Amino acid sequence: MTLNLFQNVEPRKEEIAPGAFLLRGFALANETTILHAIDEVTVRSPFRHMITPGGYRMSVAMSNCGSTGWITDRSGYRYDSIDPESGRKWPSMPASFLHLAKAAAAEAGFEGFAPDACLINRYEVGARLSLHQDKDEADYSAPIVSVSLGLPATFLFGGLKRTDKTQRIPVIHGDVVVWGGPARLRFHGVLALKAGRHPLLGGYRINLTFRKAG
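Note that the structure is predicted; figures quoted are calculated from it, not measured. (Residues numbered from 1 in each chain as written. Predicted model: local features only at pLDDT ≥ 70, side-chain atom pairs only at ≥ 80, totals over all residues. Heavy atoms only, no water.)

Trainee: Sorry if this is basic, but what is going on with empty space enclosed by the protein here?
Mentor: Here the idea is plain: a probe the size of a water molecule rolls over the atoms and shows the empty space left. Within this structure, the stated rule accounts for one cavity of 30 Å³ or more. Of the pockets and cavities examined, the largest cavity occupies roughly 40 Å³. In terms of lining, the largest cavity is formed by Arg44, Ser45, Ser86, Arg88, Lys89 and Pro91. The class makeup of the residues in the lining of the largest cavity is one nonpolar, two polar and three charged. (1 Å grid on protein atoms, 1.4 Å probe; cavity = no way out; pocket = protein on both sides within 12 Å on 5 of 7 lines; lining within 4 Å. Points joined across faces, edges and corners; volume = space filled by probe spheres on them. Nonpolar A, V, L, I, M, F, W, Y, C, P; charged D, E, K, R; others polar.)

So this is what it looks like as structure tokens:
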């Protein structure tokens, strides 16, 4: 029997901006199933450090699941149904992922969310994600659902311009951030991960980002 080490945490919703919500502890109820599904996906499509169009190696290791996956290389940022390392389709999105993404979106007021892509990011100590907008999707009507697992991190949430002031939002294991509507194109990122030890994921943080790409 696998125990939920955080089962006493009560989920709660916090508005961080119009159209953006932090759902504290929302992913905890199904954490065991979700973590097992991550292992299954990344056995088939292992984590790798992708290269940006500028030739830089990303500090965050990545994989994908769903009908399409987000990739970057010297030719640009884009979605592709094929894992460039294996030459095969990305693994299907696990049912537990889909259920979590839909439920979190609905809790934040975005009913009917049907993600077709899940980017799985693995952070080790020092890994970070610079401020960016999610703009590679075909349309922006669907929200973004971001699930934090493992070590705590500081999520940066800014405005519609890179130079806008950012909020620094602590996120811990099981937290979910959802943004859409007027917040859909806000800049966001993650500060460098600090050293620590999580009882389930050791020295890592994993983030699941659900999007409707097509």
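Trainee: Which parts of the structure should I look at to understand the sheet that holds strand 7 (residues 129-132)?
Mentor: In any sheet, the strands associate via hydrogen bonds between backbone groups, in a parallel or an antiparallel arrangement. Spatially, 7-12-9-10 is the arrangement adopted by the four strands of the open sheet, whose pairing is antiparallel. With partners counted over all chains shown, the strands left at the sheet margins are strand 7 and strand 10 (167-171), one partner each. On average, adjacent strands in this sheet sit at an angle of 20° to one another, irrespective of strand direction. The pairing of strand 9 (residues 153-157) with strand 12 (residues 188-190) spans three bridges and is antiparallel. Bridging across to strand 12, Leu156 finds its partner in Gly189. (Pairing = 2+ DSSP bridges. Helix = DSSP H or I, 4+ residues; strand = E, 2+ residues; numbered from the N terminus. Axes fitted to C-alpha atoms, helices over the stretch in contact; angles between N-to-C directions.)

Trainee: Just to check I follow, could you spell out the sheet that holds strand 2 (residues 20-24) for this structure?
Mentor: On the basis of which strands lie adjacent, the open sheet formed by seven strands has the order 1-2-11-8-13-6-3 and antiparallel pairing. Two strands in the sheet have a free side with no partner beyond their single neighbour: strand 1 (12-17) and strand 3 (61-66). With direction set aside, neighbouring strand axes in the sheet form an average angle of 20°. Strands strand 1, strand 2, strand 3, strand 6 (117-123), strand 8 (144-150), strand 11 (176-179) and strand 13 (205-211) of the sheet are contacted by helix 2 (residues 95-107), whose axis makes an angle of about 120° with strand 8. (Contact = heavy atoms within 4.5 Å.)

Trainee: Sorry, what's going on with the environment of Ala183 here?
Mentor: Tracing the chain through its elements places Ala183 in the loop between strand 11 and strand 12. For Ala183, a relative accessible area of 0% corresponds to the buried category. Once the C-alpha coordinates of Ala183 and Ser130 are considered, the two residues, 53 residues apart in sequence, prove to be 18 Å apart. Ignoring sequence-local partners within four residues, the contact set of Ala183 consists of Pro18, Gly19, Ala20 and Phe157. (Buried < 20%, exposed > 50% of the residue type's maximum accessible area, 1.4 Å probe, protein only.)

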